[in-house]
Amino acid sequence: MKIKDRQRITVRVNVGVDNFLSVPALIEDLSTAGLQSGVSVYFAPLHNWGNSAGGDAISAEVFSQHELSWYASLLDKRFQLGLIPSRKKQVCLSLSPTSSVFDAYGDSFNCSELSQVPAYGTPNKHRLGNLKLIATTGKERLYGDFNDKIERNETTCKNCYCLPVCGGACPKSWEDGNVPCPSYKFNFKQRLLLQYAATSIPRPTQAGV
């Protein structure tokens, strides 16, 4: 199977206690299928989504250790990776007063993790309005003061070296009591070494890839 250069597919691998040992086999399958030229892969730890999915998560520290070995394997098999995150000036759409997300029913929200979550009721208690009804609920947009909370030291972000990059991560997770620090907080130095190896050391090419 070959994917044209102008087309890219991103494979997001949600990782938890039940499947993290299977990730190397997945990487091997992707490599055997010859998908290096058209597929990017990244790993995301499980977290709560209006439910108890976070109970199947592994800690950020443990996840970051395994993540390095997965990325090293992908590099060895000539996959293209984005190892070094770029600066994030606005963490998500919830901090923008003019941005919204709409679900399949036309309900609007200012956070992508609020829609279509059964735990939030019917109608969803967090919806801000509806396209079809051309109406608003009058509710205040959630999380808009997130940067102010960081400034007031209501999170552990203010003095963290990752803040200019992650922007404080997910405001909703902080509000829910779940610390959302990204995995690169725990493996940034090793990522730099992997990036150096990927760009500085000549590697053999594989016919047809």
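Residues numbered from 1 in each chain as written. Predicted model: local features only at pLDDT ≥ 70, side-chain atom pairs only at ≥ 80, totals over all residues. Heavy atoms only, no water.

### Focus on helix 6 (residues 184-200)
Right, on to step 1. A maximum bend of about 40° is found in helix 6 at Gln190.
Right, on to step 2. Regarding helix 6, the residues found buried are Tyr184, Asn187, Phe188, Arg191 and Leu194.
Right, on to step 3. Those residues of helix 6 that are buried lie in contact with helix 2 (60-76) and helix 4 (163-166). (Bend = angle between axes of the 7 residues up to and from the residue. Helix = DSSP H or I, 4+ residues; strand = E, 2+ residues; numbered from the N terminus. Buried < 20%, exposed > 50% of the residue type's maximum accessible area, 1.4 Å probe, protein only. Contact = heavy atoms within 4.5 Å.)

### A closer look at the packing of helix 2 against helix 6
Right, on to step 1. Contact geometry of helix 2 with helix 6 gives a least axis separation of 10 Å together with a crossing angle of 5°. In terms of orientation, helix 2 lies roughly parallel with respect to helix 6. Residues Ala60, Glu61, Ser64, Glu67, Leu68, Tyr71, Ala72 and Leu75 of helix 2 lie in contact with helix 6, whose contacting residues are Phe186, Asn187, Gln190, Arg191, Leu194 and Ala198.
Right, on to step 2. For the contact of helix 2 with helix 6, the class distribution of residues is eight nonpolar, three polar and three charged. (Axes fitted to C-alpha atoms, helices over the stretch in contact; angles between N-to-C directions. Parallel < 35°, antiparallel > 145°, perpendicular 65-115°, else oblique. Nonpolar A, V, L, I, M, F, W, Y, C, P; charged D, E, K, R; others polar.)

### Quick notes on empty space enclosed by the protein
Right, on to step 1. Under the counting rule described, the total for this entry stands at one cavity of 30 Å³ or more.
Right, on to step 2. Space inside the largest cavity adds up to approximately 70 Å³.
Right, on to step 3. Forming the walls of the largest cavity are Thr156, Cys157, Cys160, Cys162, Cys166, Gly168, Ala169, Trp174, Pro180, Cys181, Pro182 and Lys185.
Right, on to step 4. Here the residues of the lining of the largest cavity are counted per class, giving nine nonpolar, two polar and one charged. (1 Å grid on protein atoms, 1.4 Å probe; cavity = no way out; pocket = protein on both sides within 12 Å on 5 of 7 lines; lining within 4 Å. Points joined across faces, edges and corners; volume = space filled by probe spheres on them.)

### What to know about the side chain of Ser183
Right, on to step 1. Inspection of the secondary structure assignment puts Ser183 in the loop between helix 5 (171-175) and helix 6.
Right, on to step 2. Of note is the side chain of Ser183, whose polar atom sits 3.5 Å from the side chain of Arg191.
Right, on to step 3. Sequence-distant contacts of Ser183, defined by excluding residues within four places in its chain, comprise Phe63, Ser64, Glu67 and Arg191. (Polar contact = N/O pair within 3.5 Å; in protein donor to acceptor, adjacent residues only side chain to side chain.)

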